Amino acid sequence: PRSVLFVFSALCSALSPLIHAHMHMNTTSMINATECTALPPNLIDGYLVDSPTAEYTDGMAVSYMCNRGYEGRQSDGRITLNIQSTCSENGTWGDLSAACQNVNECVGSQAGNQDCHNCTDTEGSFICTCRQ
């Protein structure tokens, strides 16, 4: 028991400077972290997926989804499910990675499944007059 205590004591003494240095680095990085003071940006025709937090620091990203009847589109036109904004080092939010755009349900099979005679696309939905 006495030798175990000696080994444990020597191990703690050897690791103490490393643990202290690690704790100091984490504390310093937390103190020096830039905070985004504003709330994350709103996504038109979409919503924030992540739960709001008390503070956002640089490098933190928030995720969004589009409302029903809309899909995420990147600036080059590609469809995406991953829409984000990131808190930057200067304390502002970066641009949204995509925007929500209306899905035209009258194109393709979505309206056809409703046995539509005349389909009219609307924002986020469509209107169908049935065959008689």
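Data block above holds the structure.
Computed from a predicted structure; not experimentally measured.

Let us look at the packing of aromatic side chains. Here the structure, examined in full by the defined rule, presents one aromatic pair. Considering the side-chain rings of Tyr56 and Trp93, the 5.1 Å spacing of their centres and the 75° angle between planes classify their relative orientation as edge-to-face. With a gap of 37 residues between them, Tyr56 in strand S3 (residues 56-57) and Trp93 in the loop between strand S7 (83-86) and strand S8 (99-102) connect regions that are remote in the sequence. With a relative accessible area of 14%, Trp93 lands in the buried category.

Moving on, we get to the state of the cysteines. Tallying each qualifying case throughout the model produces three disulfides. In this model Cys66 forms its disulfide with Cys100; the gap between the sulfur atoms is 2.1 Å. With the S-S dihedral at roughly -90°, the linkage between Cys66 and Cys100 falls on the left-handed side. In this pair, Cys66 sits in strand S4 (residues 61-66) while Cys100 sits in strand S8, placing the two residues 34 residues apart along the sequence. For Cys66, a relative accessible area of 16% translates into the label buried. Covalently, Cys106 is tied to Cys119 through a disulfide, its sulfur atoms 1.8 Å apart. For the disulfide bridge between Cys106 and Cys119, the dihedral angle about the S-S bond is near -75°, and by the sign convention the bridge is left-handed. Highlighted residues: Cys106 in the loop between S8 and helix H2 (109-112) and Cys119 in strand S9 (residues 116-122), separated in sequence by 13 residues. Cys119 sits in the partly exposed class, given a relative accessible area of 23%.

Note: strands within a sheet are paired through backbone hydrogen bonds, in either parallel or antiparallel orientation. Read across the sheet, three strands follow the order S6-S5-S8 without closing on themselves; strand pairing throughout is antiparallel. Every interior strand has two partners, whereas the edge strands, strand S6 (79-80) and S8, have only one. Relative to S6, strand S5 (residues 70-73) runs antiparallel, the two being bridged by two bridges. Its bridge partner lying in S6, Arg73 is registered against Ile79.

Our next topic: the pattern of salt bridges. Summed over all chains, the structure comprises two salt bridges. Between Arg73 and Glu71 there is a salt bridge whose closest N-O contact spans 2.6 Å. Ionic pairing is found between Asp76 and Arg78, a salt bridge with its closest N-O pair at 2.7 Å. Summarising the burial analysis for this pair, Asp76 and Arg78 share the class exposed.

Glancing now at the environment of Ala54. Structurally, the position occupied by Ala54 is in the loop between strand S2 (46-48) and S3. With 15 residues separating them along the chain, Ala54 and Leu39 place their C-alpha atoms 9.7 Å apart.

In this section: the nonpolar core. By size, the foremost hydrophobic cluster in this structure holds twelve residues: Cys36, Leu43, Tyr56, Val62, Tyr64, Cys66, Tyr70, Ile83, Cys87, Trp93, Ala98 and Cys100. Residues within four places of Ile83 in sequence aside, it is in contact with Leu43, Val62, Ser63, Tyr64, Cys66, Gly72, Ser97, Ala98 and Cys100.

Conventions adopted
Residues numbered from 1 in each chain as written. Predicted model: local features only at pLDDT ≥ 70, side-chain atom pairs only at ≥ 80, totals over all residues. Heavy atoms only, no water. Phe/Tyr/Trp six-rings, centres within 6.5 Å; stacked < 30°, edge-to-face > 60°. Helix = DSSP H or I, 4+ residues; strand = E, 2+ residues; numbered from the N terminus. Buried < 20%, exposed > 50% of the residue type's maximum accessible area, 1.4 Å probe, protein only. Disulfide = S-S within 2.5 Å. Pairing = 2+ DSSP bridges. Salt bridge = Lys/Arg side-chain N within 4 Å of Asp/Glu carboxyl O. Core = buried A, V, L, I, M, F, W, Y, C linked by side-chain atoms within 4.5 Å. Contact = heavy atoms within 4.5 Å.

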